[in-house]
Amino acid sequence: MRILYLDLDTLRPDHLGCYGYGRNTSPNIDKIAEKGIRFENYYCSDAPCLPSRTALMTGKFGIQSGVINHGGLAAELRPEGRDRKFRSQLNEDCLPGFLRSLGFRTVSISPFAERHSAWWFYAGFQEMYNTGGCGQESAEKISPVVLDWLRRNAQEDNWFLHVNFWDAHTPYRVPMEFGNPFAQEEIPDQWITEQTFREHQKRAGAHSAMELNMYHADENPKYPRNPGQLRDYQDLRRVFDGYDTGIRYMDSHIGLILEELERQNILEDMAIIISSDHGENLGELGIYSEHATADFCTARIPMILKWPGGLAGTCDRGLHYNLDLAPTLAQLFGKPPRKNWSGASYADAVLNGEDCGREYLVLSQCAHVCQRSVRFQNWIYIRTYHDGYHLFPKEMLFDLEKDPHEQVNLAGQRGDVCREAVYRLNEWHDEAMRSLHGQPDLMWTVIEEGGPYHVRVADFEEYCRRLETTGREDAARELKAKYGQKADR
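Everything in this summary refers to the structure shown in the same document. (Residues numbered from 1 in each chain as written. Predicted model: local features only at pLDDT ≥ 70, side-chain atom pairs only at ≥ 80, totals over all residues. Heavy atoms only, no water.)

**Considerations on the sheet that holds strand β5 (residues 127-129)**
The 8 strands are arranged β5-β4-β6-β1-β7-β10-β2-β11 in an open sheet whose pairing can be described as mixed. Whereas interior strands pair on both sides, the edge strands pair on one side only; in this sheet they are β5 and β11 (314-321). Between one strand axis and the next, the sheet turns by 15 degrees as a mean value, whatever way the strands run. In terms of strand pairing, strand β4 (residues 105-109) meets strand β6 (residues 159-165) through 5 bridges, oriented parallel. Its bridge partner lying in β6, Arg105 is registered against Trp159. Packing against the sheet, helix α7 (residues 139-153) makes contact with β4, β5 and β6, and its axis sits at approximately 165 degrees to β6. Of the strands in this sheet, β1 (2-8), β6 and β7 (271-275) touch helix α9 (residues 233-263), which is tilted by about 170 degrees from β1. (Pairing = 2+ DSSP bridges. Helix = DSSP H or I, 4+ residues; strand = E, 2+ residues; numbered from the N terminus. Axes fitted to C-alpha atoms, helices over the stretch in contact; angles between N-to-C directions. Contact = heavy atoms within 4.5 Å.)

Given below as structure tokens:
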């Protein structure tokens, strides 16, 4: 069997046509969705980039693998310790290593390992092609490498090809000669009203409306699609158009890959997986152009699986993690899962439409904020341990059926639902800690280090002065009261 895994960084499912988006961002992805199964409630267990792909490849939650941050002690895999053999257990337990044990030729075309110095990411791959831009390259740098590999190797059997595109990742960097396919279209389902927009301009924190580029509003001339701040509706349009154009540009290069597969007459009989590492805040919780929280819009990702003998043109609505992929592939190949995996197979959903969804999910983020969330029924409950200078309340609760953009916090009104969520969070945490055999929960290490990595890169006093000079004195005062002494350490 041949398997193509399209790993499309920072891709929100609700900005794809096959998930109901009003703009024509993804015609080629949509064609694959028609031939496979689309998962409606698929989530990364740990956001953003490094923690998410670690969970995918190791089959473990971040609390278990140790990778939950973008820097510091919690950006490295936990050492195996004295029980480590001549080779690391990762060799066999990682997703590509497992497929390699089944006889697959495993190949990755991605800059991810270098971007995060996550050299373990190469475990299990026989061939690795680093496209060299550390995730700053756009699709025209990646698709030629993919096409070259396919022209030389596609006719062979039993390969797994991982391809990583970055065009939807901030800063939106599609070449200007591609134009703006959406220049004449309004933003679909525009929930950001004038009142909401003005309220967002008063918010604090990295990638808030007044400082899209972390903690300042400077614009980089290399990225003209990416504004430095949102002063008016036109700046808001630049964000949405830049993001959607990134998806459309990437999709056009995916089309080139599909054409090559069709030319070689192997497209129909092969497996294709389309997913992402995380979504993107596009105004939710007052954050723009970043994947900064453990909420619905950041943790929810697309999952489209075209599988020979699997269902086609259907939708699965069960709750699943990205780390469920490895045990799913194991079952599809008739093999037992690795004992160290934390995932649960949804192969029966792929083959016969059976409901394999979990009762609830726990979602984590410790790179921009420290949050853990519980996704169950129609709810997402978000518990904040470090707010990343966004001044989030300790508890947030949103009814996603009525409020998918998380505007109305119901935590104060629905204490019953919050208590149920906390019970589930504690159950998950107890089980995870038992699996660690006395090792610590590194979220608290992150907080002791000074907070999530993308908070520690800021000059706290300088940022407070910026808040004061841009009409947000109340936010500056509140931040100083909350973090002043800690930030000075």
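**With respect to the side chain of Arg424**
Structurally, Arg424 is set in helix α13 (residues 415-436). Reaching out from Arg424, the side chain makes a polar contact with the side chain of Glu420 at a distance of 2.7 Å. (Polar contact = N/O pair within 3.5 Å; in protein donor to acceptor, adjacent residues only side chain to side chain.)

**Some remarks on the nonpolar core**
Side chains of a nonpolar character, in soluble globular proteins, are inclined to be buried together. Of all hydrophobic cores here, the largest spans 133 residues; its most connected members are Leu161, Phe165 and Leu325. The dominant element in this core, judged by the number of residues it contributes, is α9, at 11 residues. Ignoring anything within four residues of it in the chain, the contact list for Phe165 reads Leu6, Asp7, Leu8, Asp9, Ala139, Ile142, Ser143, Met250, His253, Ile254 and Ile257. Tyr215, Val455, Ala458 and Tyr463 belong to the second largest nonpolar core, which has 14 residues in total. (Core = buried A, V, L, I, M, F, W, Y, C linked by side-chain atoms within 4.5 Å. Buried < 20%, exposed > 50% of the residue type's maximum accessible area, 1.4 Å probe, protein only.)

**Quick look at unusual backbone geometry**
Cis peptide bonds are those with omega within 30 degrees of zero, and the linkage from Ala47 to Pro48 qualifies with -5 degrees. A cis amide bond links Thr170 with the next residue in sequence, Pro171, at an omega value of -5 degrees. For Ser289, which is not glycine, the phi dihedral falls at a positive 55 degrees. Along the chain, Ser289 turns up in strand β9 (residues 288-290). In this model, Gln377 sits at a positive phi of 50 degrees, which is unusual for a non-glycine residue. For Gln377, the location among the structural elements is in the loop between β13 (370-376) and β14 (379-386).

**Things to note about the pattern of salt bridges**
Considering all chains together, one arrives at 36 salt bridges under this definition. One salt bridge in this structure joins Glu260 and Arg151, with 3.7 Å as the shortest N-O distance. One end of the pair, Glu260, is in helix α9; the other, Arg151, is in helix α7, with 109 residues separating them in the sequence. Overall, the relative accessible area of 6% leaves Glu260 in the buried class. (Salt bridge = Lys/Arg side-chain N within 4 Å of Asp/Glu carboxyl O.)

Coordinates in, geometry out; function isn't part of it.
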